[in-house]
Amino acid sequence: MSLRHRNSSEPAMSDAEDIPMAKLQQRRWRSVFATIYSARIFVSLYKKVINKKQILRSLSYIAVDVHDSDSSGERLLSLCVDQKTLTEVVREKNLETLSNLGGVRQIAASLETDEKDGISSNKADLAHRVELFGANRYPKPPNKSFFSFVFEAFKDTTIIILLVCAVLSLGFGIKQHGIADGWYDGGSIIIAVFLVVAVTAVSNFKQNRQFEKLSNESSDIKVEVVRDGHRQFISVFEVVVGEIVCLKIGDQIPADGLFLDGHSLKVDESSMTGESDHVEINGSNNPFVLSGTKVTNGFGFVLVTSVGMNTAWGEMMSSINRELDEETPLQARLNKLTSAIGKIGLAVAVLVLAVLLIRYFTGNTTDDKGNKEYIRGKTKLDSVMNSVVEIFSAAITIVVVAIPEGLPLAVTLTLAYSMKQMMADHAMVRKLSACETMGSATMICTDKTGTLTLNEMKVTESWLGKELMDGVSSVIAPIVHELLQQAVAFNTTGTVYMPNSQSLPEISGSPTEKAILSWAVSDLGMNLDDPKQDYELIQVEAFNSDKKRSGVLIRRKSDSATQVHWKGAAEMILAMCSQYYDRSGTVKAINDKERIELGKIIENMAAKSLRCIAFAHTNIPEDDEPVLEETGLTLLGLVGLKDPCRPGVKIAVEACINAGVNIKMITGDNVFTAKAIAVECGILQPDEDLNEAVIEGVQFRNYSPEERIARIDKIRVMARSSPFDKLLMVQCLKQNGHVVAVTGDGSNDAPALKEADIGLSMGIQGTEVAKESSDIVILDDNFTSVVTVLRWGRCVFNNIQKFIQFQLTVNIAALVINFIAAISSGEVPLTAVQLLWVNLIMDTFGALALATERPTNDLMTMLPVGRSKPLISNIMWRNLIAQALYQVAVLLTLQFRGKAIFGVDEKVKNTLIFNTFVFCQVFNEFNARKLEKKNIFQGLHKNRLFLGIIAITIILQVVMVEFLKRFADTQRLNWGQWGTCIGIAGLSWPLGWLVKFIPA
């Protein structure tokens, strides 16, 4: 329908001359409906205008021209459906209201959805649907603002106490010395605190945004829909009302809708209703599907009726804010370490505070001129308060430096950095803890198909009975050709779409289904639409991992004769057969000899790494009840599907074995195929004894718990396994002390993925149920990417260890120096501002420099960490104690003998101590890059961030000493003094090199 200007003399055109009567009547009804609908809109508009007492300028010559032709490409859809009604029908599962609306098919017609071809992919039509019914998105709670991170940084107790001391110091200083000179002490501390808080807040804010971005990417799942007559994948956010969505086992339903077609469809509605029982979806009793629920069985096509905020799932999800600051196990361990160090620092600070206060009030401290600072009854209260505040500031600053707040920050930084880099390496992290846990993995249980292999199936061998076929359909007996055509056409979840007779067919479905359909269409010249003209589908048993087969029951339309077709794992289908067809169409009985020969054919195909699929058939007698018969079948044929190993997978497997990580292959294929692939991938060696290394799922299942535990480490390949066998293996490995990573792609893999320490789902073939149960999604389904995740996991743990070594060295040195100096001389050589600057270097700059090191090949030559390895290793203790003792010795020498050695005053001596201490940390950052290797400069040129941070630290240190004298309480140094500071600090390098000769 369109509104347009036309002259009064111009007739309204009709396009109905050559249209058949049935279509003409249908279009007339639609025209009448559209006219009535538009009239109601005009009445509604008229009432609004009258109520507002506004006058609209009328247009001359306006006509309503109702087009019943579909020839206009620019025509917008009318879509005269009430969204509120649709939403309530599905949400309340109201069959009566659905019936009053004319049923599912009438709603589809009202939404201008073709039941077979779906909706148009025309952008204008899709935009119109979004405008009318909304987009498939829901508003999320607002993100945490930058100021909330600033506020969190200020909530730190020590920072608050330090600020209070700084404010008091500022007040007393101004009162005592005037605003021009009195603000420096307190003001410097305030500026330093604000700088520390700002850097911390910016860093946390950026990492939070990074995690949110990854969270958004993980929620953008792909949905299969029917548009313009063929199936295609689109983003879940692009699903619109009127869409036909294709559902299969493991899919998460993207929107509310109504069942159109399908078989054995069952869904898990526990996420919405809390009921654990799976609900059957069908066209008669329960056609309602809810967004957010998951398909547990069967397949089907659903008409989308509500999206986004018009669904109960959308309303619920819009009120849930995903927790992005999840605490990982490593962070929890570091928080305990931080707390322990903090308590030691607090005890030292209290002791220093007590000593300084006692020395002050007993008159044992002097000012710059050598006069006693406190004389009882003579010293002014302002002066006393100012001195006490300075003492408190020094003590609190010791606590600030002692508490290694940088440890949690370093974990956050390295996790965020590794997550970003892993995304580029085809791995999307769903749970932060998986990053670090993967570094401890001692065992990887991997699928075969699509992970070790390319998942690009192709039929390379086919047999009719005991004869090898050459792919020419003309030499196959007509009856066999017809039965194979029925078997392929009906017993599949894939589709074949031919845009036109000249183009190549577009085949969709799983890799196995696509290979079989391609073989039937291209090699055997079958038209898979022909059987659907003569037969109808009665019953379907969908493929599942336990039975490893699928079956259909079909009925001929002409005489109601029923037939059963089965397809599945060759040896399992063969066991159901009592006879077979040969190429000529003759049915022959399968005796023991024939069964052995057919079994040998299957074994030989499997030994060539082929997946063997068999087709079987039987007729159901007229008097018998039509059921999916499972015995006495006739074997139609065998096909062998080749799925080549992925390039580089053998090298990846070798890398894991060299890194001390064992690989176990768990597959549904038979033993011979599994052996062949395992040897090809390097999991098994051709010359080794395979009796204990290769096992079938049923054997493993039937072992006693003691036998399983005893044999589990020797098993390398499990064939013909079920999801339960995979779960059982994971449980046994964990009982044996292993840290287990598991790959999975199906819904039935969900228990094993959850049970494993690290669940790795497949991004291409993986179902949404599997992805939700996993910790990391391997985006390219490649085993090489699993090894990349292992490298990054080890890198995370290694980077954290580097930072701990660096930070604890600073903590120990600063505590010991300040404590000994305070006890012996009553003075703290490092002021509050100087200690805050050191805190900034080691917390934020140090975390940035050391937490962003990329993984090296050295990591894959080390044994896995496992569950029990301590966070601080003996190697780390050796390195950090040596460096801390050196720093303490040097700085205490400067504290007590510095003035005599260099012939300088107190302020220059304290500046030398401060400058040397900072440069010791700069040089020690290089030492921390390599915990064991003696060459600390290896790969340094690749880490520009590290070099940049070192450069910034040095520049800022020069500025602090030379230009911010009042702020930092320093004195300018000459070239000789600068050289001395750098020379003393530089000795950290040869010391670090020598220490690494000491065995740890």
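Predicted model only: the values in this text are computed from it and were never measured.

## Things to note about the overall build of the protein chain
- For the protein chain, the count of helices and strands is 34 helices and 28 strands.
- Within the protein chain, the fraction of its 1000 residues that count as buried is 53%.
- Across the protein chain, the fraction of contacts at a sequence separation of at least 24, relative to all contacts at a separation of at least 6, is 73%.
- Carbon and sulfur atoms form 56% of the exposed surface of the protein chain, whose accessible area is close to 45,800 Å².

## Topic: a nonpolar patch on the surface
- Residues I160, V164 and L168 make up a contiguous nonpolar surface patch of about 240 Å² in total accessible area.
- We classify V164 as partly exposed; its relative accessible area is 46%.

## A short note on the nonpolar core
- Grouped together as the largest cluster of nonpolar side chains are 154 residues, with contacts concentrated most on I776, F783 and I804.
- The element that contributes the greatest number of residues to this core is helix α27 (residues 783-825), accounting for 20 residues.
- If sequence neighbours within four positions are ignored, I804 has contacts with L334, L337, L407, L871, I872 and M876.
- Within the second largest apolar cluster, 37 residues are counted, among which are L98, F133, V225 and L258.

## What about unusual backbone geometry?
- A positive phi angle, near 55°, is found at D228, a position not held by glycine.
- Positionally, D228 belongs in the loop between β3 (222-227) and β4 (230-235).

## Considerations on the UniProt feature "transmembrane region" (unreviewed entry) in the protein chain
- The positions UniProt marks with the feature "transmembrane region" (unreviewed entry) are residues 153-174, 186-205, 340-361, 391-417, 803-823, 835-854, 945-963 and 975-995.
- Annotated as residues 186-205, this span is 100% helix and 0% strand, and its ends, taken at the C-alpha atoms, are 28 Å apart.
- Helix makes up 80% of residues 835-854 and strand makes up 0%, while its end C-alpha atoms are separated by 30 Å.

## Quick word on a negative patch on the surface
- On the surface, E482, D529, D530 and D534 cluster together to form a negatively charged patch.
- Note that E482 resides in helix α15 (residues 478-490).
- The partly exposed category is assigned to E482, whose relative accessible area is 37%.

## Notes on empty space enclosed by the protein
- Across all of its chains, the model carries 2 cavities of 30 Å³ or more by this definition.
- In this structure, the largest cavity spans a volume of roughly 100 Å³.
- Every residue along the wall of the largest cavity is listed here: G439, R794, F797, N798, Q801, L859, M862, L863, P864, V865 and K869.
- Among the residues forming the lining of the largest cavity, the class breakdown is 6 nonpolar, 3 polar and 2 charged.
- As for the second largest cavity, its lining consists of Q805, N879, A882, Q883, N924, N927, L991, G992, W993, V995 and K996.
- Broken down by secondary-structure element, the contributors of at least two residues to the lining of the second largest cavity are α29 (874-902), α30 (906-929) and α34 (988-995).
- The element best represented in the lining of the second largest cavity is α34, accounting for 4 residues.

## Topic: the environment of F301
- On the secondary structure map, F301 appears in strand β9 (residues 294-306).
- Between the alpha carbons of F301 and H263 there is a distance of 9.4 Å; along the sequence they are 38 residues apart.
- When neighbours within four sequence positions are excluded, F301 is seen to be in contact with V226, R231, I244, V245, C246, L258, F259, L260 and D261.

## Concerning helix α20 (residues 649-658)
- Taken as a whole, α20 has its buried residues at V649, A652, V653 and C656. Around the axis of α20, the buried residues are gathered within 100° of arc, so they sit on the same side. Across from the buried face of α20, at angles greater than 90 degrees, the exposed residues are I651 and N658.
- Looking at the buried positions of α20, the neighbouring elements they touch are β11 (443-446), β23 (662-666), α21 (671-681) and α27.
- Following α20 by one or two positions, G660 has its phi on the positive side, about 80°.

Calculation notes
- Every chain is numbered independently, its residues counted from 1 as its sequence is written.
- Only residues with pLDDT of at least 70 are given local features in this predicted model, and only at 80 or more are side-chain atom pairs given and counted; all residues enter the totals for whole chains, interfaces and linings.
- As a rule here, side-chain values cover all heavy atoms of the structure and leave hydrogens and water aside.
- Here a strand is any run of E in DSSP of at least two residues, a helix any run of H or I of at least four, and the numbering for each starts at the N terminus.
- Under the scheme applied here, a residue whose accessible area is under 20% of the maximum for its type counts as buried, over 50% as exposed, and between as partly exposed, the area being computed with a 1.4 Å probe on protein chains only.
- Note on contacts: a residue pair qualifies if any of its non-hydrogen atoms lie within 4.5 Å across the two residues.
- The Shrake-Rupley method, run with a 1.4 Å probe, gives the accessible areas here. Residue values count only the displayed protein chains as cover.
- The residues that make up patches have over 30% relative accessible area and no salt bridge, and they are joined within 9 Å when like-charged or within 5 Å when they are Val, Leu, Ile, Met, Phe, Trp or Tyr.
- We count a salt bridge whenever a side-chain nitrogen from Lys or Arg sits within 4 Å of a carboxyl oxygen from Asp or Glu.
- Buried Ala, Val, Leu, Ile, Met, Phe, Trp, Tyr and Cys residues that are joined via side-chain atoms within 4.5 Å together make up what is termed a nonpolar core.
- UniProt positions are given in the numbering used here, feature names are shortened, and annotations may be inferred rather than shown by experiment.
- By the counting rule applied here, Lys and Arg register as positive and Asp and Glu as negative, while His and the ends of each chain are not counted.
- A single reference atom marks each charge: NZ on Lys, CZ on Arg, CG on Asp, CD on Glu.
- The pocket and cavity definitions rest on a 1 Å grid over protein atoms only: a 1.4 Å probe that fits but cannot leave marks a cavity, an open set with protein on both sides within 12 Å along at least five of seven lines marks a pocket, and residues lining either have an atom within 4 Å of a point.
- Grid points are joined across faces, edges and corners, and a volume is the space filled by probe spheres set on the points.
- Each residue receives one of three labels: charged for Asp, Glu, Lys and Arg, nonpolar for Ala, Val, Leu, Ile, Met, Phe, Trp, Tyr, Cys and Pro, and polar for the others, Gly being one of them.
- This arc corresponds to the set of directions leading from the helix axis out to the C-beta atoms.

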